[in-house]
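Breakdown of the fold
Chain by chain, the residues:
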Amino acid sequence: MTSHDLLTRARLLADDLLAPHAEQVDQEGVPASHIEAIKKSGLLGVSAPVSYGGSAAPGAVARETAEILAGACCSTWFVQTQHHTPVMTLAKSELPVRESLLGPLSRGELMSGVAYAHLRAYPRVPVRVTRERGGWRFEGTVPWYTGWGLNDVMLLAGVTDADEALFAFTEAREQAGLRASAPMRLAALTASRTVSLELNGLWLPEEAVALRVPYARWAKDDRPKPTNASPAVFGVAAAALALLDDDTAEPLRARLDEVRAQAYALAEHPVPHEYLAERLALRTQAYEVLMKTTTAAVVAGGGRSLSLTSRAQRLAREALFLLVQGQTAESRAAHLRALAAS
């Protein structure tokens, strides 16, 4: 395990607040008080620049922090994890919005959501962006937006007529040209307050733009991200192992540690576009261990596992969610090939 002040804070938050209330949150929704605790903890700035109030912690710390939060309450982890993409987008940006938002986001004064996964559907364009009145007009549908009613701002993306990926910030609330659906009822993580967004002429000024690049360049940079195993997978699997006796848990823990070490070694590789096939294979192996551990926890719990108050049952549903979270056509195909071959 890594030693870092942020990890100490994450463990305290997990042990004192998140884990004790996880079953209640699963049924009732992530409360604003959980988000306030996350904001005050400093964890929202784990990877943010020190000069803007963040910690600029090593990748190993960011990954282990995610494991701790996801293992304690996957719904809360999923809401707050959206925040880190906007922070890193601003950290790399040279546009004016960096100076207005990077500090508040790094310090946890504001929390951001994201609405950009639909870009991976290209050449289908769910959200089209066009020039209008010195700014940008957004039209279309964002299929998934997490943290509605909990986030302060959102990073919204679309594709321009010139085939550029354009990302801009706006307040995370209903406004002219932006309407949210009712919160979705999902088999897992309904608590994360996920909605779809209808964009009917949402206008954002040029100063709101954080990134504007050719789509092909954005896609090339994005491609390695969904090939890596998610730290949340290891966090939920570890939480399931804690529900098992030693004889059952020991071989599963050994396999989990092995896959985790290999996956994280590749995550540290300085060239993210290398070893993509190996990364996808380890991502699939991590899912395999996740399903075994959470299934074992359900079996060990017997009939009690069918209760909605059962931790094992909650973890098993969260595992189902993680199987498709961040999924792309490439990662889906690799996973299905592995399942067919097993």
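Keep in mind it's a predicted model, so treat the numbers as computed, not measured.

Helix and strand content of the protein: 13 helices and eight strands. A globule of 342 residues ought to have a C-alpha radius of gyration of about 20 Å, and the protein, at 20 Å, matches this closely. Each of the three principal axes of the protein carries a C-alpha extent, and together these read 65 × 40 × 40 Å. Scored against the burial criterion, the 342 residues of the protein give a buried share of 52%.

In this structure, Val30, Leu69, Trp77, Phe234, Leu244, Leu290 and Leu322 are the most contacted members of the largest nonpolar core, which totals 62 residues. Looking at which element gives the most residues to this core, the answer is helix H9 (residues 231-241), with eight residues. With near-sequence residues (within four places) excluded, Leu290 lies in contact with Val233, Val236, Ala237, Ala319 and Leu322.

This paragraph deals with unusual backbone geometry. Here the amide bond leading from Tyr122 into Pro123 is cis, since omega sits at 20°, within 30 degrees of zero. Along the chain, Pro123 falls in the loop between strand E1 (112-115) and strand E2 (127-132). At Arg133, a residue that is not glycine, the phi angle is positive and equals roughly 50°. By the secondary structure assignment, Arg133 is in the loop between E2 and strand E3 (135-146).

Let us look at the side chain of Arg279. Within the element layout of this structure, Arg279 appears in helix H11 (residues 276-301). Despite its burial, Arg279 pairs with no opposite charge; the closest candidate is Glu274, at 6.8 Å N-O. Engagement of the side chain of Arg279 in a polar contact is seen with the backbone oxygen of Glu274, the distance being 2.8 Å. Excluding anything up to four places from it in sequence, Arg279 contacts Thr227, Asn228, Leu266, Ala267, His269, Val271, Pro272 and Glu274.

End to end, helix H12 (residues 311-324) covers 21 Å across 14 residues, agreeing with the expected 20 Å (1.5 Å per residue, within 8%). For H12, the set of buried residues is Ala312, Gln313, Arg314, Leu315, Ala316, Arg317, Glu318, Ala319, Phe321, Leu322 and Leu323. The secondary structure elements touched by the buried residues of H12 are helix H2 (22-28), helix H4 (59-72), helix H5 (74-81), H9, H11 and helix H13 (329-341). N-capping of H12 is provided by Ser310, with a side-chain oxygen placed 3.3 Å from the backbone N of Ala312. With its phi angle positive at about 70°, Gly326 sits one or two positions after the end of H12.

Our focus in this paragraph is H13. Along an α-helix, residues three or four apart share an orientation, since each turn contains 3.6 residues. When the terminal C-alpha atoms of H13 are compared, their 18 Å separation across 13 residues agrees well with the 18 Å that a helix rising 1.5 Å per residue should span. For H13, the set of buried residues is Ser331, Ala334 and His335. Viewed along the axis of H13, the buried residues span an arc of 95°, placing them on a single side of the element. Opposite its buried face, H13 presents the exposed residues Ala329, Leu336, Arg337, Ala340 and Ala341, each directed more than 90 degrees away. Turning to H13, the residues buried within the fold contact H11 and H12.

As a further point, take the pairing of strand E5 (residues 164-171). Of all eight residues making up E5, seven are buried, and the element is well covered by its neighbours. As paired elements, strand E4 (residues 153-160) and E5 share seven bridges and run antiparallel to each other. The partner of Leu156 across the bridge, within E5, is Ala168. A loop of three residues connects E4 with E5, the two strands running antiparallel in sequence, and Asp163 in this loop sits at a positive phi of about 60°.

Attention now goes to the packing of aromatic side chains. Scanning the entire structure with this criterion turns up nine aromatic pairs. Here the aromatic rings of Phe167 and Trp218 are separated by 6.2 Å at their centres, their planes lie at 40°, and the arrangement is tilted. Taken together, the residues span a long stretch of sequence, with Phe167 in strand E5 and Trp218 in helix H8 (residues 215-222) at a distance of 51 residues. When sorted by exposure, Phe167 lands in the same class as Trp218, which is buried. Through a chain of ring-to-ring contacts, three or more aromatic side chains come together here, namely Tyr116, Tyr122, Phe167, Tyr215 and Trp218. In this arrangement the basic side chain of Arg63 is found over the ring face of Tyr264, its NZ or CZ atom lying 4.9 Å from the centre. When the ring centre of Trp203 is taken as origin, the NZ or CZ atom of Arg133, which lies over that ring, is 4.7 Å away.

Another point: the environment of Leu282. Considering the arrangement of structural elements, one finds Leu282 in helix H11. Judged by its relative accessible area of 8%, Leu282 is buried. Along the backbone, Leu282 and Gln262 are 20 residues apart, and their C-alpha atoms lie at a distance of 7.5 Å. Excluding its chain neighbours within four sequence positions, the residues that come into contact with Leu282 are Val259, Gln262, Ala263 and Leu266.

How each quantity is defined
Residues numbered from 1 in each chain as written. Predicted model: local features only at pLDDT ≥ 70, side-chain atom pairs only at ≥ 80, totals over all residues. Heavy atoms only, no water. Helix = DSSP H or I, 4+ residues; strand = E, 2+ residues; numbered from the N terminus. Rg over C-alpha atoms; globule rule 2.2 N^0.38 Å. Buried < 20%, exposed > 50% of the residue type's maximum accessible area, 1.4 Å probe, protein only. Core = buried A, V, L, I, M, F, W, Y, C linked by side-chain atoms within 4.5 Å. Contact = heavy atoms within 4.5 Å. Lys, Arg positive; Asp, Glu negative; His and termini not counted. Salt bridge = Lys/Arg side-chain N within 4 Å of Asp/Glu carboxyl O. Polar contact = N/O pair within 3.5 Å; in protein donor to acceptor, adjacent residues only side chain to side chain. Expected span 1.5 Å × (residues − 1). Arc of directions from axis to C-beta. Pairing = 2+ DSSP bridges. Phe/Tyr/Trp six-rings, centres within 6.5 Å; stacked < 30°, edge-to-face > 60°. Lys NZ or Arg CZ within 6 Å of the ring centre and 35° of its normal.

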